[in-house]
Amino acid sequence: LPRVFSGIQPTAGSFQLGNYLGALRQWVALQETAEAFYCVVDLHAITMDWDPEELRQNSLTSAAQLLALGVDPARSTLFVQSHVPEHLQLSWVLECVARFGEASRMTQFKDKSQREGADGSSVGLFTYPVLMAADILLYQTDQVPVGDDQRQHLELTRDVATRFNNRFGPTFTVPSVFIPEAGARVMDLQTPEKKMSKSLPPAGCVFLLDDPKVSAKKIRSAVTDTGREVVADAANKPGVTNLLTIHSALSGRSIPELEQHFAGRGYGDLKKELAEVVTEFVSPVRARTQELLDDPAELERVLAGGAERAREVAAATVADVYERTGFLAPG
Ligand code: ATP
Ligand code: MG
């Protein structure tokens, strides 16, 4: 079976629609045809300012949401990154293989360092893509299901893996990126030029765990475009196009079909119906997440089992890497 790895950061109390459509939906589907490793990447969640108690809670809530969305621990390995110290062991070696110049070209750092400036941002925010490369390469991953914003990081991962393999012999599988055709880049409802993100100001972000009334309000207030026709036109109608894309991805109806459906009707109708489609999708996910959080002992048991399985694979990769790179074996 092909190996699949992907991760999600516990940087908020809830995932958002883009996380689901761009990545998590594929996580669930790929379990059928691949051996999957899915990770709550808490080490990545401290690259920007964080609150320790919130982080702990968010990690648990993240794991609960993944199970609620259909990640099945009987088939896939679900774990928390900090439980598998091999991620950090490999990351250091890869930091010494990755080049400062290539890391400097990562646009996510440029975006995320805007608030604090490059000088005021953590070194971890800068080296984040190298830790991500370690996450992926540890598991000899064939495919990485992610949203479109991670394309550049995957390219870096492939470059670092190839460079390492050329220098030290075949060690890592060079992974390919798996980006869905629809929903790979869900845009913020208030700022349709920006992707929806769970750690940005929440007004334009639809969280899975939001009260459906709150989501409906956010959708009602979504920025739309001039004109009144409900048609997809990414260049001239980014707001409406985004709403149609979300509707289509969740309802399974094609965009032309939806354009037809809304012909002669206005943006208000689209928003009203989209709110209903979103509510229908999130309601069972919210209920199941809450149920799982009511029994954290069971959740922790699942994560402990996942970490144990992940460590078996990760430790073998680190042992191989340490051997090849010349570290003295402990006596
Ligand atoms: P943060 O603001 O903390 O970076 P995020 O919402 O970007 O949060 P991540 O944990 O960074 O979420 O990413 C998890 C997965 O969701 C990744 O595969 C990423 O590509 C995907 N993803 C994130 N935002 C979107 C989006 N707007 N559309 C499609 N996919 C997305
Ligand atoms: Mg992100």
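Residues numbered from 1 in each chain as written. Chains lettered and ligands numbered in written order. Predicted model: local features only at pLDDT ≥ 70, side-chain atom pairs only at ≥ 80, totals over all residues. Heavy atoms only, no water.

**Points about the UniProt feature "binding site: L-tryptophan" (unreviewed entry) in the protein**
Going by this rule: UniProt positions are given in the numbering used here, feature names are shortened, and annotations may be inferred rather than shown by experiment. Here a helix means four or more residues in a row that DSSP labels H or I, a strand means two or more in a row labelled E, and each is numbered from the N terminus. Note on contacts: a residue pair qualifies if any of its non-hydrogen atoms lie within 4.5 Å across the two residues. Under this definition, polar contacts are N or O atom pairs within 3.5 Å; protein pairs additionally need one hydrogen-donor-capable and one acceptor-capable atom, and for neighbouring residues in sequence, both atoms have to be side-chain atoms.
In this numbering, the UniProt entry assigns the feature "binding site: L-tryptophan" (unreviewed entry) to Asp135. Along the chain, the position of Asp135 falls in helix α7 (residues 123-137). Setting aside residues no more than four positions away along its own chain, Asp135 makes contact with Phe5, Val41, His44, Gln81 and His87. In this structure the side chain of Asp135 is engaged in a polar contact, spanning 2.8 Å, whose partner is the side chain of His44.

**A closer look at helix α10 (residues 238-251)**
Selection criterion: Every helix has an expected span of 1.5 Å times one less than the residues it contains. Buried, partly exposed and exposed residues are distinguished by accessible area as a fraction of the type maximum, computed with a 1.4 Å probe on protein chains only: under 20%, between the cut-offs, and over 50%, respectively.
Taking 1.5 Å of rise per residue, 14 residues should cover 20 Å, and α10 covers 20 Å from first to last C-alpha, within 8% of that figure. The element α10 is largely enclosed, with a buried count of 11 among its 14 residues. For α10, every residue scored as buried is listed here: Gly239, Val240, Thr241, Asn242, Leu243, Leu244, Ile246, His247, Ser248, Ala249 and Leu250. Packed against the buried residues of α10 are α1 (17-30), α11 (255-261) and α12 (267-293).

**Some details on the pairing of strand β2 (residues 35-40)**
Rules: Here a strand pair is declared whenever DSSP counts at least two bridges between the two strands. We call a crossover right-handed when, viewed with the strands running away from us, the connection from the first strand over the helix to the second turns clockwise.
For β2, the buried fraction is high: five of the six residues fall into the buried class. In terms of strand pairing, strand β1 (residues 3-8) meets β2 through six bridges, oriented parallel. Opposite Ile8, over in β2, you have Val40 as the bridge partner. Bridge count for β2 against strand β3 (residues 77-80) is four bridges, and the pairing is parallel. Bridge pairing in β3 links Cys39 to Phe79. Crossover β2 to β3 through helix α2 (residues 52-69) is right-handed.

**Overview of α12**
Defined as follows: Think of it this way: the bend at a residue is just the angle between two axes, each fitted to seven residues, one set ending at that residue and the other starting at it.
Helix length check: α12 (27 residues) gives 37 Å between terminal C-alpha atoms against 39 Å at 1.5 Å per residue, within 8%. The largest bend in α12 is about 30 degrees, located at Val282, with the proline Pro284 one to four residues further on.

**Notes on the side chain of Thr141**
Mapped onto the secondary structure, Thr141 falls in the loop between α7 and β4 (143-145). The class of Thr141 is buried, set by a relative accessible area of 1%. A polar side-chain atom of Thr141 sits 2.7 Å from the main-chain carbonyl oxygen of Ile136. Not counting chain neighbours up to four residues away, the residues in contact with Thr141 comprise Arg3, Val4, Phe5, Ile136, Thr173, Val174 and Pro175.

**Notes on the nonpolar core**
Going by this rule: Grouping buried Ala, Val, Leu, Ile, Met, Phe, Trp, Tyr and Cys residues that are joined through side-chain atoms within 4.5 Å yields what is termed a nonpolar core.
Counting 57 residues, the largest nonpolar core has Leu66 and Leu250 as its most contacted members. If one sorts the elements of this core by residue count, α12 sits on top with 11 residues. Leave out the neighbours within four places in its chain, and Leu250 touches Leu17, Tyr20, Leu21, Val277, Val278 and Phe281. In terms of nonpolar packing, the next biggest core, distinct from the first, is built from 35 residues, Ala134, Leu138, Ala161 and Val318 among them.

**Remarks on the packing of aromatic side chains**
Cut-off, in case you're wondering: Here a pair means two rings of Phe, Tyr or Trp (six-membered ring of Trp) with centres within 6.5 Å. Their orientation is stacked below 30 degrees between planes, edge-to-face above 60, and tilted elsewhere.
Tallied over the entire structure, the rule returns 10 aromatic pairs. Where Phe100 meets Phe126, the ring centres are 5.1 Å apart and the plane angle is 40 degrees; that geometry is what we call tilted. With Phe100 in helix α4 (residues 100-104) and Phe126 in helix α7, this pair connects stretches of sequence that are 26 residues apart. For Phe100, a relative accessible area of 63% gives the class exposed. On the accessibility criterion, Phe126 (15% relative accessible area) is buried. Residues Phe109 and Phe126 carry aromatic rings whose centres are separated by 5.2 Å and whose planes lie at 85 degrees to one another, so their mutual orientation is edge-to-face. Placement of the pair is Phe109 in helix α5 (residues 107-112) and Phe126 in helix α7, with a sequence separation of 17 residues. Accessibility classification places Phe109 together with Phe126 in one group, the buried group. Taken together, the ring pairs in this structure connect Phe5, Phe37, Phe79 and Tyr139 into an aromatic cluster.

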